[in-house]
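Examining the three-dimensional arrangement
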Amino acid sequence: CALPIWSPGLTGFTLIVCADATQTLAAAVAYARTKLEDGTYDCNLIMAKTKLVKKASIPRAELRAATLAASLSHVVKQNLGQFIDEEIYVTDSTITLYWLNQDQRPLQMSIRNSVIEVQRLTDVKNWFHVPGPQNPADIPTRSVRVEEIVGESEWLKGKPWMRSEEHTSELQSP
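One structure accompanies this document, and this report is about it. (Residues numbered from 1 in each chain as written. Predicted model: local features only at pLDDT ≥ 70, side-chain atom pairs only at ≥ 80, totals over all residues. Heavy atoms only, no water.)

Quick look at the pattern of salt bridges now. One pass over the structure, following the stated rule, counts seven salt bridges. Put simply, Glu147 and Arg145 hold a salt bridge, and the shortest N to O gap is 3.4 Å. Here Glu147 and Arg145 have matching classes, each one exposed. Lys159 is the partner of Glu154 in a salt bridge, and the nearest nitrogen-oxygen pair spans 2.7 Å. Given a relative accessible area of 9%, Lys159 falls into the buried group. (Salt bridge = Lys/Arg side-chain N within 4 Å of Asp/Glu carboxyl O. Buried < 20%, exposed > 50% of the residue type's maximum accessible area, 1.4 Å probe, protein only.)

Below you can see the structure in the form of structure tokens.
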């Protein structure tokens, strides 16, 4: 777990948790977005988790990634909750967002159980859609070179939108 460097005037951070999946792997990544003394923003990887997904369709795997993200955020909140000012959850799956916001139509048992778990651990109004290329959780779902995940990489520092003043400009409500 890598924590952001705290400056004297820093009071808290925005927790940004990203979820993505392939048919065989679900990934969740948590970042801390902090406002620096000069008014700019920094973003740092806190922790990440992956899980193998067996025989799942892409939508079900994406829901599994959202469940993993909710679980990951729960761990972060238990350990750093007093520092968290805001929570943002992102996925590139519109189907997952539909399932999370669906209360009227019956869902299959496994889907319903995953939805209930995400709703228990997070506030669904904090879930947003982000285009696939803007989702840093995509990185652990594919092969990457070492150079892509060290130093000031998007893996360690998050995507540019996460460090911008208008960090919600890339986010779309379900």
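Here we come to the nonpolar core. In terms of nonpolar packing, the biggest core is built from 33 residues, with Phe13, Leu15, Ala30, Ile46, Val76, Leu100 and Trp127 touching the most fellow members. Of all the elements, helix α1 (residues 58-80) adds the most residues to this core, at ten residues. Contacts of Leu15, omitting those with residues within four sequence positions, involve Ala30, Tyr31, Ile46, Ser73, Val76, Lys77, Ile84, Glu86, Glu87 and Ile88. In terms of nonpolar packing, the next biggest core, distinct from the first, is built from 16 residues, Cys18, Tyr31, Val90 and Trp155 among them. (Core = buried A, V, L, I, M, F, W, Y, C linked by side-chain atoms within 4.5 Å. Helix = DSSP H or I, 4+ residues; strand = E, 2+ residues; numbered from the N terminus. Contact = heavy atoms within 4.5 Å.)

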